[in-house]
Amino acid sequence: MKFFVDTADVDAIRELNDLGFVDGVTTNPSLIKKSGRDILEVTKEICEIVDGPVSAEVVALEYDAMVAEGRKLAQIADNVVIKLPLTLDGLKACKTLASEGHKINVTLCFSANQALLAAKAGATFISPFIGRLDDINLDGVDLIEDIRTIYDNYGYETEILAASIRTVNHITECAKIGADVITAPANVIKAMASHVLTDKGLAQFVKDAEDAGIKIV
Ligand code: E4P
């Protein structure tokens, strides 16, 4: 399973990348706003840190403008993935930009039918938003399962990029279902390493090592 970090904070990306857990990055207009940086400048910096795919999202809503923005974003670096919203214009732009050889992440997916259309439009990644479905009392993880079944039924190569991940349990569930990628905030990815019994066991080992005077180097 690939791990993308869902942020435009270059310090957080660098820290997680040094730990070896960053296979790619996703951003969106809200994350760019939070960074306080210019989209072209911060995306370039992220692409210099990370070798894997870096999603940068268009802000236009109409086909022609989306295609123009997508082409401009793609010029930033070879690893830029153009992120397009799941609208009819976005799907049309996906087909055009994918036919030019660009990688596309279709975002804001909330149904299996939307995911089916994205695959037919040639998306490299589909981003179903788990947390935002959970927020309205639907089951985001169920959507990942439905998309996995549909893509496998027809051999679609579009990768399922589970997004809007809020908890470590979301990641476990996505891994069990077979999502290709998860994108999550850095703190959620780091929290995967925590366990109360690890902390308790380590405290005991440290104490016993001190008591026994164990020294290795
Ligand atoms: C995905 O690409 C989005 O950037 C992100 O996962 C949205 O997450 P949120 O619902 O926590 O804003």
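Provided above is the structure to which this section pertains.
Residues numbered from 1 in each chain as written. Predicted model: local features only at pLDDT ≥ 70, side-chain atom pairs only at ≥ 80, totals over all residues. Heavy atoms only, no water.

J.: What is the right way to look at the layout of surface pockets in this model?
T.: Which parts of space are left empty comes out when a probe the size of a water molecule is rolled across the atoms. Of the voids in this model, the largest pocket is the one considered here, and its volume is about 460 Å³. Residue assignment for the lining of the largest pocket shows that the elements contributing at least two residues are helix 2 (29-35) and helix 10 (186-191). Among the elements that make up the lining of the largest pocket, the one with the highest residue count is helix 2 (4 residues). (1 Å grid on protein atoms, 1.4 Å probe; cavity = no way out; pocket = protein on both sides within 12 Å on 5 of 7 lines; lining within 4 Å. Points joined across faces, edges and corners; volume = space filled by probe spheres on them. Helix = DSSP H or I, 4+ residues; strand = E, 2+ residues; numbered from the N terminus.)

J.: Please clarify how the state of the cysteines should be interpreted in this entry.
T.: A covalent bond between the sulfur atoms of two cysteines is what we call a disulfide. For the structure on display, the rule yields 0 disulfides. For the unlinked cysteine C47, the closest cysteine sulfur is that of C94, found at 19 Å. Judged by its relative accessible area of 10%, C47 is buried. C174 takes part in no disulfide bond, and the closest cysteine sulfur to it belongs to C109, at a distance of 13 Å. (Disulfide = S-S within 2.5 Å. Buried < 20%, exposed > 50% of the residue type's maximum accessible area, 1.4 Å probe, protein only.)

J.: Is there a simple way to think about the sheet that holds strand 1 (residues 2-6) in this case?
T.: Two strands in a sheet stick together by hydrogen bonds in their backbones, pointing the same way (parallel) or opposite ways (antiparallel). Here we have 8 strands rolled up into a closed barrel, ordered 1-2-3-4-5-6-7-8, and parallel in their pairing. The average undirected angle you get between the axes of adjacent strands in this sheet is 30°. With 2 bridges connecting them, strand 7 (residues 159-162) and strand 8 (residues 181-184) associate as parallel partners. Within the sheet, the bridge partner assigned to L161 lies in strand 8 and is V181. Running at roughly 170° to strand 3 (residues 54-57), helix 3 (residues 39-49) makes contact with strand 2 (24-26), strand 3 and strand 4 (80-85) of the sheet. On the sheet, helix 6 (residues 112-120) packs against strand 5 (104-109) and strand 6 (125-128) and is oriented at approximately 165° with respect to strand 5. (Pairing = 2+ DSSP bridges. Axes fitted to C-alpha atoms, helices over the stretch in contact; angles between N-to-C directions. Contact = heavy atoms within 4.5 Å.)

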